Amino acid sequence: MHDFYQSCAQLRFIGDQERVDSDDADASRAVAMLEGSALEVRDTVAPRLQRVMRDVCERIQLDSEVRFFVRADPNPQAYALAYDRRHPVIALNSGLVTLCEPDDLAFVLGHELGHLGFRHRSCEFTTSNGSVNHGELLRRRAAEISADRIGLIACQSTISATKAILKVASGLPL
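None of these values were measured; they are calculated from a predicted model. (Residues numbered from 1 in each chain as written. Predicted model: local features only at pLDDT ≥ 70, side-chain atom pairs only at ≥ 80, totals over all residues. Heavy atoms only, no water.)

This next bit is on the environment of Phe-118. Take Phe-118: it is sitting in the loop between helix H5 (102-117) and helix H6 (134-155). Separated by 28 residues in sequence, Phe-118 and Ser-146 have C-alpha atoms that sit 7.8 Å apart. In contact with Phe-118, not counting residues within four places along its chain, are Cys-8, Leu-11, Arg-12, Asp-16, Glu-18, Ser-146, Ala-147 and Ile-150. (Helix = DSSP H or I, 4+ residues; strand = E, 2+ residues; numbered from the N terminus. Contact = heavy atoms within 4.5 Å.)

Taken together, the side chains of Leu-166, Leu-172 and Leu-174 make up a nonpolar region of the molecular surface, amounting to roughly 280 Å² of accessible area. One can find Leu-172 in the segment after helix H7 (158-170). (Patch = residues over 30% accessible without salt bridge, like charges linked within 9 Å, V, L, I, M, F, W, Y side chains within 5 Å. Areas by Shrake-Rupley, 256 points an atom, 1.4 Å probe, with all protein chains shown as cover. Salt bridge = Lys/Arg side-chain N within 4 Å of Asp/Glu carboxyl O.)

Enumeration over the complete set of coordinates arrives at one cavity of 30 Å³ or more. Within this model, the largest cavity holds a volume of roughly 60 Å³. Gln-17, Arg-19, Arg-139, Arg-140 and Ala-143 are, among the 10 residues lining the largest cavity, the residues nearest its centre. Looking at the lining of the largest cavity residue by residue, the class counts come to two nonpolar, two polar and six charged. (1 Å grid on protein atoms, 1.4 Å probe; cavity = no way out; pocket = protein on both sides within 12 Å on 5 of 7 lines; lining within 4 Å. Points joined across faces, edges and corners; volume = space filled by probe spheres on them. Nonpolar A, V, L, I, M, F, W, Y, C, P; charged D, E, K, R; others polar.)

Read from one edge of the open sheet, four strands run S1-S2-S4-S3, paired in mixed fashion. Pairing within the sheet leaves two strands with one partner each, and these edge strands are strand S1 (39-40) and strand S3 (78-82). Here strand S2 (residues 67-71) pairs with strand S4 (residues 88-93) via five bridges, running parallel. When the sheet's bridge partners are listed, Phe-68 is paired in S4 with Ile-90. Sheet strands touched by H5: S2, S3 and S4. Its angle to S4, the strand with the most contacts, is close to 140°. (Pairing = 2+ DSSP bridges. Axes fitted to C-alpha atoms, helices over the stretch in contact; angles between N-to-C directions.)

The next point concerns helix H3 (residues 47-59). In a regular helix each residue adds 1.5 Å, so 13 residues correspond to 18 Å; H3 covers 18 Å between its end C-alpha atoms and thus fits that length. Every buried residue belonging to H3 is among Leu-49, Gln-50, Val-52, Met-53, Val-56 and Cys-57, and all of these are buried. The buried residues of H3 all sit within an arc of 155° when viewed along its axis, so they share a single face. The secondary structure elements touched by the buried residues of H3 are S2, S4, helix H4 (94-99), H5 and H6. Where H3 terminates, the next one or two residues include Gln-61, which has phi positive at roughly 60°. (Expected span 1.5 Å × (residues − 1). Buried < 20%, exposed > 50% of the residue type's maximum accessible area, 1.4 Å probe, protein only. Arc of directions from axis to C-beta.)

Structure, rendered in structure tokens:
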């Protein structure tokens, strides 16, 4: 696990800031919701998906066990949760799993694990008066670039990375 977090520190994009304002209770509730409403990926249930996750963890040198869920939702989205660095949790929507090839999924999984490795947390894009918080938008874009770097290491292909990004953005089977 140490190597993964060292790599993240070295690959952080300029302007990307670590956020440590997470709420473990919120993460715990979100995981409990996944446990009750989503499929937890395991070798006995979805061996192909579990193999992709194992390959990703090996490529990015993450040696902790990742809990991995698939939610029944046609939107091609993914997200990451964590209680701390030892307990990463990833959720993919079924629409994304259906849309992506294994190498595309490797990019997405690596990208989401990258958010955890960089300790990214949610941010507010608007101010209290409803105007756009441009500084926060720039920081969020920097965070996405950092996470994309881990995704690229995870899939080892600029073509697969590009396809994954386009599939998530468009919902099209490119």
